[in-house]
Amino acid sequence: MSSQTSSFLLVLLPLFWTLMSWFSGPRNTFFSKLYIERIAIWGSIILFAISLVVGFIENNTASVSSMLVTLSPLKSAVILTVVAIGVILMRFSRNYFVGEACYPRFLKWMQLTLASVVITILANHLIVFWFGWLAVSLSLHNLLLLYPDRPRAIVAAHKKFILARTSELFMAGAFALLYLAFDTLYINQIVNALVQTSLINSDALSSTQQEYTELAACCIAIAALIKCAQLPAHGWLINIVEAPTPVSALLHAGVINLGGYLLLAFAPLIAHHASAQWILAVGAGLSVLFSALAMTTRVTVKVRLAWSTSSQMGLMLVECALGLYSLALIHLVAHSFYKAYAFLNSGSAVFEALEDDISAHRTPQFADWLNALFVTSLIVLASFSFAEYQGPLSPWLLITLAFTAYIATRTANSDQTQLYVLVGISIVLISVYSTAKDMVTHYLFAHFPAPASMLSTIDIWVVSLIAALFVIHIAMQTFGHKPAVQQFKQLLFAGLYLDEWFTKITLKVSPISLRKRSTTKQTSASVTHIGGK
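Residues numbered from 1 in each chain as written. Predicted model: local features only at pLDDT ≥ 70, side-chain atom pairs only at ≥ 80, totals over all residues. Heavy atoms only, no water.

A.B. asks: What exactly am I supposed to notice about the overall build of the protein here?
C.D. replies: If you tally the helices and strands in the protein, you get 23 helices and two strands. Per-residue burial over the protein gives 51% buried out of 533 residues. In the protein, 78% of the contacts between residues at least 6 apart in sequence involve partners at least 24 apart. As presented, the protein carries roughly 24500 Å² of accessible surface, and 67% of it is formed by carbon and sulfur atoms. (Helix = DSSP H or I, 4+ residues; strand = E, 2+ residues; numbered from the N terminus. Buried < 20%, exposed > 50% of the residue type's maximum accessible area, 1.4 Å probe, protein only. Contact = heavy atoms within 4.5 Å. Areas by Shrake-Rupley, 256 points an atom, 1.4 Å probe, with all protein chains shown as cover.)

Structural data, given as structure tokens:
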């Protein structure tokens, strides 16, 4: 099979989605009676299966290095997630948009967004990757403006548009530097050069190449931080809850994960330069701390989920900074399905809140925390002893504190006999985590650089952030009546006022016009100028 034929077969899925987007548009209603979304669903599944077969064949040939698109086990896992999320959203949106005139536009731009995401993941060429990244952002921009009469949605989309262009400029600079350093535009050739010459442990490059690759790694790290909506560039993600639920689900479950995939695709480059790792560890680590705390102060379901996404994306970037690539991939896939479910199930939040209000509540006491910490520590230590790879320390500490909070909270609001059930659940989940991490590392990341050693400088920084998050969270629960804690909660509720300053600067530099909802039967909407004089 020639490389041209293989490339064509691999891009059949995004080409199919692009073609379906044309038939799904508002001006093409002929196929609406033939259930266009069902054709898209079954076509996506069949063409993804074909892509898997072609990718498996081509991985055993020498022509892979000269192909514009390739399929590896890592790419297959990510694309499988994208296809599954896309199929779920297409099925869900059929009922969600019943009677909505914007449904054809939603279906069109959603399919174009999915096609752009798959092209970006398949890309084996720096230029193809960059244009795919750009196409994802532009397609998503049209989805965010599905209801153009909502001022908050317009402002959020405007901020996102500016940030997206900024991340693309950083990425373009990184790709230009990589081309100058390696004299090739093919991604797998660059990655193979980094791995085969053992750049992680030696100075195999010239001083000029070292400078180029370090600058490129830092630019890629900054681009990933911006793409994943890390503080202070997070406000658009919080405000975009004005968009329809399927759009929010697509954004939080799929598109925003591209920042994590970018780091996985260029993992050997990031692992070679401590400066890029520290940019990720500091920027994403602080975002995890404040976003997770801010999430606890919000009561609106979709806003809580938006803060959660910012925190979870930061945690994924921190995992990449530590070299925990298998954990980052597991996190990416699990977060995608969880956020898709959470957003699509947000309509039942009222019933869940009522059930929560009528149930008995008791704040965990010191004894509850101590018992939970003791039990969880024993479980984690046992799992730590049997795991193939045991460092860094920070993920084990995070698991310990997470299950400590889980057991302490559940046992405080139930009979103590339930402790045995909670312990059993904890043992199963921690065992699954350890096994899945070892399997993914063995089959997908065996050739990747080794993770940071236990208690490295970056690991100590992450451990301190995790411990601070746990202590502050307990203090907010235990001493919530104190004036100082209440003031701190107000500050967190406002998101440290970072987005207000960011919005003010953005609208000062780039003013926009907002369309007001017309209260009369006028055909033209009134326009308000924001940000200018």
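Text resumes after the structure shown.
A.B. asks: What should I look at first to understand the packing of aromatic side chains in this one?
C.D. replies: The way to describe two aromatic rings as a pair is by their centre distance and the angle between their planes. Considering all chains together, one arrives at 11 aromatic pairs under this definition. Residues Phe 97 and Phe 106 carry aromatic rings whose centres are separated by 4.7 Å and whose planes lie at 35° to one another, so their mutual orientation is tilted. Each member of the pair Phe 97 and Phe 106 is classed as buried. Aromatic side chains Trp 369 and Phe 470 sit 5.8 Å apart centroid to centroid with 90° between the ring planes, which places their arrangement in the edge-to-face category. Taken together, the positions of Trp 369 in helix α18 (residues 366-386) and Phe 470 in helix α21 (residues 457-478) put the pair 101 residues apart, joining distant regions of the chain. Summarising the burial analysis for this pair, Trp 369 and Phe 470 share the class buried. (Phe/Tyr/Trp six-rings, centres within 6.5 Å; stacked < 30°, edge-to-face > 60°.)

A.B. asks: Teacher, can you tell me more about the environment of Thr 363 here?
C.D. replies: By secondary structure assignment, the location of Thr 363 is in the loop between α17 (349-358) and α18. Linking Thr 363 and Gln 477, residues 114 residues apart in sequence, is a C-alpha distance of 7.6 Å.

A.B. asks: I keep staring at the side chain of Thr 70 and nothing clicks. Help me out?
C.D. replies: Tracing the backbone through its elements, the reader meets Thr 70 in the loop between α3 (36-58) and α4 (73-96). A distance of 2.9 Å separates the side chain of Thr 70 from the side chain of Lys 75, its partner in a polar contact. (Polar contact = N/O pair within 3.5 Å; in protein donor to acceptor, adjacent residues only side chain to side chain.)

A.B. asks: Which parts of the structure should I look at to understand helix α15 (residues 301-321)?
C.D. replies: Quick reminder: α-helices carry 3.6 residues per turn. Residues three or four places apart thus point the same way. Counted at 1.5 Å a residue, the expected span for α15 with its 21 residues is 30 Å, and the 30 Å between its end C-alpha atoms agrees. For α15, a buried count of 18 out of 21 residues is recorded, marking the element as mostly surrounded by other parts of the structure. (Expected span 1.5 Å × (residues − 1).)

A.B. asks: Before we go on, may I ask you to explain unusual backbone geometry in this structure?
C.D. replies: Phi is mostly negative for residues that are not glycine, and the peptide bonds are mostly trans. A cis amide bond links Leu 231 to the next residue, Pro 232, at an omega of 0°. When you line up the elements, Pro 232 lands in the loop between α9 (207-227) and α10 (235-239). Even without glycine at this site, Asp 183 takes up a positive phi of about 60°. Given a relative accessible area of 60%, Asp 183 falls into the exposed group. Positive phi, close to 55°, is recorded for Ala 229, a residue that is not glycine. On the secondary structure map, Ala 229 appears in the loop between α9 and α10.

A.B. asks: Got a minute to help me understand the packing of helix α11 (residues 245-253) against α15 in this structure?
C.D. replies: Each pair of packed helices can be described by the angle between their axes along with the distance between the axes. Remark: α11 packs on α15, axes separated minimally by 11 Å, with the N-to-C direction vectors making an angle of 15°. Judged by the inter-axis angle, α11 sits roughly parallel to α15. Remark: the crossing between α11 and α15 carries left-handed chirality. In this structure, α11 uses Thr 245, Ser 248 and His 252 to contact α15, whose residues at the interface are Lys 302, Leu 305, Ala 306 and Thr 309. For the contact of α11 with α15, the residue count by class is two nonpolar, four polar and one charged. (Axes fitted to C-alpha atoms, helices over the stretch in contact; angles between N-to-C directions. Parallel < 35°, antiparallel > 145°, perpendicular 65-115°, else oblique. Left-handed = near helix turned anticlockwise from the far one by under 90°. Nonpolar A, V, L, I, M, F, W, Y, C, P; charged D, E, K, R; others polar.)

A.B. asks: Where do I start with the nonpolar core in this structure?
C.D. replies: The tendency in soluble globular proteins is for nonpolar side chains to be buried as a group. Of all hydrophobic cores here, the largest spans 141 residues; its most connected members are Leu 178 and Phe 266. Other than its neighbours up to four places away in sequence, Leu 178 contacts Leu 126, Asp 183, Ile 190, Ala 216, Ile 220, Phe 266 and Leu 269. Counting residues in hydrophobic clusters, the runner-up holds seven residues, among them Ile 238, Val 241, Val 303 and Trp 307. (Core = buried A, V, L, I, M, F, W, Y, C linked by side-chain atoms within 4.5 Å.)

A.B. asks: Explanation requested: the confidence of the model for the protein in the structure shown.
C.D. replies: Interpreting fine coordinate detail is not advised for predicted regions of low pLDDT. Residues with a pLDDT of 70 or more make up 82% of the protein, whose mean pLDDT is 81. Low pLDDT, under 50, characterises residues 516-528; the predicted model gives this stretch 13 contacts beyond four residues in sequence or across chains. (pLDDT = per-residue confidence, 0-100.)

A.B. asks: Explanation requested: the side chain of Ser 139 in the structure shown.
C.D. replies: Mapped onto the elements, Ser 139 comes out in helix α6 (residues 126-144). Ser 139 sits in the buried class, given a relative accessible area of 6%. At 2.9 Å, the side chain of Ser 139 forms a polar contact with the backbone oxygen of Ala 135. Not counting residues up to four positions away in its chain, the partners in contact with Ser 139 are Trp 109, Leu 112, Thr 113 and Ser 116.

A.B. asks: Any chance you could explain the environment of Ile 79 here in plain terms?
C.D. replies: Positionally, Ile 79 belongs in helix α4. Residues Ile 79 and Val 118, spaced 39 residues apart in sequence, show a C-alpha to C-alpha distance of 6.4 Å. Ignoring anything within four residues of it in the chain, the contact list for Ile 79 reads Leu 13, Phe 48, Leu 71, Val 118, Ile 121 and Leu 122.

A.B. asks: Honestly, the environment of Trp 133 in this entry has me stumped. Any pointers?
C.D. replies: The residue Trp 133 is located in helix α6 in this model. When its relative accessible area of 1% is taken as the criterion, Trp 133 is described as buried. On a C-alpha basis, the gap between Trp 133 and Val 118 in space is 10.0 Å, while along the polypeptide they are 15 residues apart. If sequence neighbours within four positions are ignored, Trp 133 has contacts with Thr 120, Ser 167, Glu 168, Met 171, Lys 227, Leu 258, Gly 259 and Leu 262.

A.B. asks: Would you take a moment to explain the pattern of salt bridges for this structure?
C.D. replies: A side chain with one charge may pair with a side chain of the opposite charge, provided their charged atoms come close. Counted according to the given criterion, the structure contains two salt bridges. Here Lys 159 ties to Asp 499 by a salt bridge, and the two come within 2.9 Å at their closest N and O atoms. Highlighted residues: Lys 159 in helix α7 (residues 151-182) and Asp 499 in helix α23 (residues 498-509), separated in sequence by 340 residues. Of the charged contacts in the structure, one is a salt bridge between Glu 168 and Arg 165, with a shortest N-O distance of 2.7 Å. Taken together, the residues span about one helical turn, with Glu 168 and Arg 165 both in helix α7 at a distance of three residues. (Salt bridge = Lys/Arg side-chain N within 4 Å of Asp/Glu carboxyl O.)

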